[in-house]
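Structural overview for review
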Amino acid sequence: MCSHRLRKRIGQGPHRATLLLLLATTFAPAAKAQLRSAHFADADRATSSFSRHARKPVGRVSASDRGQRSSSASTRRYPAIRLRSTWTIGGDDADTTFLLPFSLTTTAQHFVVYDAIARRVVALSPISGKEAWRFGRAGRGPNEFGGIAFVSPRPAGGVRILDLGNQRLSSLSDQGTILGRYAYPFGADPRGVCDLQESQVRLRALVDHEIQRVVDDTTVVADGPLPWPELAGHPGLVRQSLLFSHPRGDVCFATLSFGPRFAILDKDGVRATGSWIEPVPLARARSLGKGSWTMMPGSVITTTSATGVGETFAVLFEGRSTQRKRVIDFYSIADASYLFSIVLPFEAKVIGYGHGLLVAMGETSDGAPFVRAMSASPSLETLVSRARAATR
């Protein structure tokens, strides 16, 4: 996603540094290489010092809290499926609806997209793809966004917007009206949120204190490291992770961006941990001194996007295969076991699911952003049900 056209869209605006940081941490190492060639050396400096802090824990959250069932890597299974395009936004220079569609979630009424350059949230009709409402603009004031932000579903309806630039969490109704906002204290370092029915899981950039569980936005009830013991002693650069929500609101999905593991989280802690169906080695980093690190050769990015589909999380996988950025792997939310895979007819960066449609966002080969909805035959829910039945 770091094409020449994208670099032009990033430009030299006030949000440039934030965009570069997230592109370098989320889409590295491929994005970092392209950023270097485009004289974006500041992105390297930002990522090399990523996450060097520590705090006193409030309780612990770890994989040993509960009995774990882990999936193991084997061979992908591809059931017969047909994907048919329902509607598309963008894909050519004439359509400027989205400049950089960056994050996507599903609500009871809409697909909701955050545009990281326009710095606004746009709700789309599942039926037609037409805009239902938009919210936000660039800035630091109320109803404004500071650059990079992630959207996620609220169990009570509507969406959350985690604004990394402004260190703020906003809540919107499904009609696009503001429900409230919470400003994080200095040093909180939020990187992801996942709302459960009675609590919220937060992903932070604090080594050994990345996973925090809170109630009422402010009361911390648990604080601990990422749920993979093999990360002990590794710097923040290796520990980079993402957190995804399930629309049903009872589970979260934590992924290791440069390693072999993922985890299913629920209200009680870590429900299960699993291994990717495609083997990925744990990345290694080399110290540059003074708290800075650089990634060693051979690091492999796993995923930048996942979405809930019935009793599964569907993961858009990168890895090393010829189907990278096209293959979607499905994992059970019950025990993290692998079920099956499907392949998109094009590369994507972000996926979402809802209203019977699979939505993919990314760039065309010449760098034009797109948002594309597809129906599936048989439906993805049917494939999930068949795969779960076959494993019982």
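The structure contained in this document is the topic of the report that follows. All of these numbers come straight from a predicted model, not from anything done at the bench.

**Quick word on the state of the cysteines**
- Applying the stated criterion across every chain yields a total of 1 disulfide.
- Cys194 shares a disulfide with Cys252; S-S distance 2.1 Å. Of note, the bridge from Cys194 to Cys252 carries an S-S torsion of about -90 degrees and is left-handed in sense. Here Cys252 lies in strand S17 (residues 252-256) and Cys194 lies in strand S12 (residues 190-195), a separation of 58 residues in the sequence.

**Digging into the packing of aromatic side chains**
- If you walk through the whole model with that rule in mind, you get 15 aromatic pairs.
- Aromatic side chains Phe253 and Phe262 sit 5.2 Å apart centroid to centroid with 45 degrees between the ring planes, which places their arrangement in the tilted category. As far as the burial class goes, Phe253 and Phe262 line up, both buried.
- Ring pairing ties together the aromatic residues Phe253, Phe262, Trp276, Phe313, Phe317, Tyr331 and Tyr338, which thus form one cluster.
- Sitting over the ring of Phe346, Arg372 keeps its end group 4.6 Å from the ring centre.
- A cation sits over an aromatic face here: Arg372 above Phe370, 4.6 Å from the ring centre.

**Details of the sheet that holds strand S24 (residues 327-332)**
- Taken in spatial order, the 4 strands of this open sheet run S22-S23-S24-S25, and their pairing is antiparallel. The open sheet has two free edges, formed respectively by strand S22 (303-309) and strand S25 (338-343), since each of these has just one partner strand. Neighbour-to-neighbour, the strand axes of the sheet open up by a mean angle of 25 degrees, direction not taken into account.
- Looking at chain direction, strand S23 (residues 312-317) and S24 are connected through 5 bridges and run antiparallel. Residue Ala314 lies in a different strand from S24, and its bridge partner there is Phe330.
- Here helix H5 (residues 380-391) sits on the sheet in contact with S22, S23, S24 and S25, set at roughly 145 degrees to S25.

Rules used in this analysis
- Residues numbered from 1 in each chain as written.
- Predicted model: local features only at pLDDT ≥ 70, side-chain atom pairs only at ≥ 80, totals over all residues.
- Heavy atoms only, no water.
- Disulfide = S-S within 2.5 Å.
- Helix = DSSP H or I, 4+ residues; strand = E, 2+ residues; numbered from the N terminus.
- Phe/Tyr/Trp six-rings, centres within 6.5 Å; stacked < 30°, edge-to-face > 60°.
- Buried < 20%, exposed > 50% of the residue type's maximum accessible area, 1.4 Å probe, protein only.
- Lys NZ or Arg CZ within 6 Å of the ring centre and 35° of its normal.
- Pairing = 2+ DSSP bridges.
- Axes fitted to C-alpha atoms, helices over the stretch in contact; angles between N-to-C directions.
- Contact = heavy atoms within 4.5 Å.

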